[in-house]
Amino acid sequence: MPLAQLLSVCVGRAAPLLSRTGAVHSAIAKHPISTLQNPVRCRVDTQGLAGDESVEPGIHGAPTQAVYLYPSEHYAFWQQLRAQFHRPPLPDAGALGENLLVRGLLEREVWIGDHLTIGSVVLRVTRPREPCFKLDIHLQLRMAAKMMVQSGFSGFYATVVTSGEVQAGDRIDITPGERQITIAERLSINAAGAQRGLF
């Protein structure tokens, strides 16, 4: 696996997410507060990133989903998709709702239970993202949530084992967990179960 690195740290506040049928509240729209061009140290504790909000903490929050990581390698897929449907390009970070935009941590190479050391923070990988309809609205792509699952480009959640600080440019060190199932494998199993009505 190539060297993994943190490229951007992003946070978001709850705000109305407008659609044709009305508005729902969401904090999916994130903006970078630490980038490679402006590497600012950011506080992370067991609740997640300082300054970040979650509208539905029982679904998208601590402890098991305190931090959402997304591989930068997948941005090209979404940019091409948006171009195909005549949508403007996405911002360079935060567009998928991620807290940490990373490089070198693909879903097929990351295992549930792995520990990630970033700066002085230690995270434990917990599960893949399984997006809801809010992703469709946010990206202005009707089938975005379905495409995220089908492509396998889900990103993944982590719980905070050790609080501390991170900043863009930090190296990400991986300490293997039990290595029983990867993020990609879990996403595939969950998707198959959902189709059969098991979840």
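The preceding data block contains the structure.
Structure report, in brief. None of these values were measured; they are calculated from a predicted model.

What follows is about the side chain of Gln5. Looking at the secondary structure, you find Gln5 in strand S1 (residues 4–11). Take Gln5: its relative accessible area is 19%, and that puts it in the buried class. Polar contacts involving the side chain of Gln5 include one to the side chain of Arg103, which spans 2.3 Å. From its side chain, Gln5 meets the backbone oxygen of Gly169 in a polar contact 3.3 Å long.

Glancing now at the nonpolar core. Counting residues in hydrophobic clusters, the biggest one holds 25 residues, and the most contacted among them are Leu69, Leu100 and Leu123. Going through the elements one at a time, S1, strand S5 (42–45), strand S7 (67–71), strand S8 (100–103), strand S9 (115–118), strand S10 (121–128) and strand S11 (156–162) are the ones with two or more residues in this core. Tallying contributions element by element places S1 first for this core, with four residues. Once you skip the residues sitting within four places of it in the chain, Leu123 turns out to touch Val67, Leu69, Leu100, Asp114, His115, Leu116, Ile118, Ala158, Thr159, Val160 and Val161. Core analysis: the second largest hydrophobic core is formed by 21 residues, Tyr75, Leu90, Leu135 and Leu139 among them.

Glancing now at the sheet that holds strand S6 (residues 48–49). Reading across from one edge, S6-S5-S12 is the order of the three strands in this open sheet, with antiparallel pairing throughout. Looking at which strands have only one partner, the edges of the open sheet turn out to be S6 and strand S12 (164–166). By the bridge criterion, two bridges tie S5 to S6 in an arrangement that is antiparallel. Of the residues in S6, the one forming a bridge with Val44 is Leu49.

Moving on, we get to the pattern of salt bridges. Scanning the entire structure with this criterion turns up seven salt bridges. A salt bridge links Glu53 to Arg13, with the nearest nitrogen and oxygen atoms 2.9 Å apart. Of the two residues, Glu53 sits in the loop between S6 and helix H1 (57–60) while Arg13 sits in the loop between S1 and strand S2 (15–19), which places them 40 residues apart along the sequence. Classification of Glu53 by relative accessible area gives partly exposed; the value is 30%. On the accessibility criterion, Arg13 (51% relative accessible area) is exposed. With a closest N to O distance of 2.6 Å, Asp173 and Arg171 form a salt bridge.

Turning next to the pairing of strand S13 (residues 171–175). Relative to S13, S1 runs antiparallel, the two being bridged by two bridges. Bridge pairing in S13 links Ala4 to Ile172. Bridging between S9 and S13 involves four bridges; their strand directions are antiparallel. Residue Leu116 lies in a different strand from S13, and its bridge partner there is Ile174.

Under the counting rule described, the total for this entry stands at five aromatic pairs. For the pair Tyr68 and Tyr70, a centre-to-centre distance of 6.2 Å together with 55° between the ring planes defines the contact as tilted. On the basis of relative accessibility, which here comes to 0%, the residue Tyr70 falls in the buried class. For the ring pair Phe77 and Trp78, a centre distance of 5.0 Å and an interplane angle of 85° mean the geometry is edge-to-face.

With respect to the helices, strands and loops of the structure, Phe133 is situated in helix H3 (residues 133–139). Residues Phe133 and Ala145 lie twelve residues apart in sequence; the distance between their C-alpha atoms is 6.4 Å.

Within helix H2 (residues 75–84), the full set of buried residues consists of Tyr75, Trp78, Leu81 and Arg82. One side of H2 holds all its buried residues, which, seen down the axis, span an arc of 125°. Opposite the buried face of H2, by more than 90 degrees, sit the exposed residues Gln80, Ala83 and Gln84.

Conventions adopted
Residues numbered from 1 in each chain as written. Predicted model: local features only at pLDDT ≥ 70, side-chain atom pairs only at ≥ 80, totals over all residues. Heavy atoms only, no water. Helix = DSSP H or I, 4+ residues; strand = E, 2+ residues; numbered from the N terminus. Buried < 20%, exposed > 50% of the residue type's maximum accessible area, 1.4 Å probe, protein only. Polar contact = N/O pair within 3.5 Å; in protein donor to acceptor, adjacent residues only side chain to side chain. Core = buried A, V, L, I, M, F, W, Y, C linked by side-chain atoms within 4.5 Å. Contact = heavy atoms within 4.5 Å. Pairing = 2+ DSSP bridges. Salt bridge = Lys/Arg side-chain N within 4 Å of Asp/Glu carboxyl O. Phe/Tyr/Trp six-rings, centres within 6.5 Å; stacked < 30°, edge-to-face > 60°. Arc of directions from axis to C-beta.

Purely spatial values, then, with no claim about function.
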